[in-house]
Amino acid sequence: MPLVEIELSIQTAVLPDAIIDFLSEAEARIRHYLENSPCAATGFVPSHFEKVYHALQAITDESLACGTSLCEWGSGFGVVTSLASMLELMACGIEIEQDLVEESRRLADDFGLPVEFVQGSFIPAGAAALAEEAYTDNNSVFSWLITDAEEGYKELQRGLNEFDIIFAYPWPGEDYLFTSLFEKYAAEGALLLTYDYPQTIRLLRKQGE
């Protein structure tokens, strides 16, 4: 099924105080983590959280999604997942690094947010060949996503096709993999929101044939 790009009408209004307070704390913890865990943080680069928040707000304000469930691929500190929850979305995140899963849980718990984070791969079981093909076809050098780790959906007890919105921050060269996975496994009508280099928000919908 083809993916269709949707133009978002993003309003960069002043952020609510609760969002400002949350982002201030999140960014302080991320800085501390990066300064004290340089080796563990090799594959961790945060997105521009304010831009992503405004994009999620536009999606909710314009009722663009078929439902309210969101899954963040490679959730890191879980900031986007938490922001989605603050917009009253049912949000969860999948992250391969256990220490980041623990950091994201602590951050969300400290703000009383009803989110779930699991350790594992966001690549569905049986999709390894598709992932390898995407890397080969696109000559990508970032191969850490091809992993033997168990898929995170199992612990979430939900399949990729049960989410209304997927958020991802692909490295340069990984966008083809992300869109390929989404096109094959996501539900018809689902949205793929990505923060792409350099600082570009993109929204795709999986259309029916």
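Description of the structure in this document.

What counts and what doesn't
Residues numbered from 1 in each chain as written. Predicted model: local features only at pLDDT ≥ 70, side-chain atom pairs only at ≥ 80, totals over all residues. Heavy atoms only, no water. Helix = DSSP H or I, 4+ residues; strand = E, 2+ residues; numbered from the N terminus. Buried < 20%, exposed > 50% of the residue type's maximum accessible area, 1.4 Å probe, protein only. Contact = heavy atoms within 4.5 Å. Areas by Shrake-Rupley, 256 points an atom, 1.4 Å probe, with all protein chains shown as cover. Axes fitted to C-alpha atoms, helices over the stretch in contact; angles between N-to-C directions. Parallel < 35°, antiparallel > 145°, perpendicular 65-115°, else oblique. Left-handed = near helix turned anticlockwise from the far one by under 90°. Nonpolar A, V, L, I, M, F, W, Y, C, P; charged D, E, K, R; others polar.

Our next topic: the overall build of the protein chain. On a plain count of helices and strands, the protein chain comes out with seven helices and seven strands. When the helices and strands of the protein chain are placed in sequence order, the string is β-α-α-β-α-β-α-β-α-α-β-α-β-β. A total of 209 residues make up the protein chain; the buried ones form 46% of that total. In the protein chain, the proportion of contacts linking residues at least 24 apart, taken out of those at least 6 apart, comes to 71%. Carbon and sulfur atoms form 47% of the exposed surface of the protein chain, whose accessible area is close to 10,200 Å².

This part takes up the side chain of His 54. In this structure, His 54 sits in helix H2 (residues 49–61). Setting aside anything within four residues of it in sequence, one finds His 54 in contact with Ile 10, Gln 11, Thr 12, Ala 13 and Leu 15.

For the pair helix H1 (residues 17–36) and helix H4 (residues 98–110), interaxial distance at closest approach is 11 Å and the crossing angle is 155 degrees. On the basis of their axis angle, the class for H1 and H4 is roughly antiparallel. Handedness of the crossing formed by H1 with H4: right-handed. Contact residues: Phe 22, Glu 25, Ala 26, Arg 29 and Tyr 33 in H1; Asp 99, Leu 100, Glu 103, Arg 106, Leu 107 and Asp 110 in H4. Partitioned by chemical class, the residues of the contact of H1 with H4 number five nonpolar, no polar and six charged.

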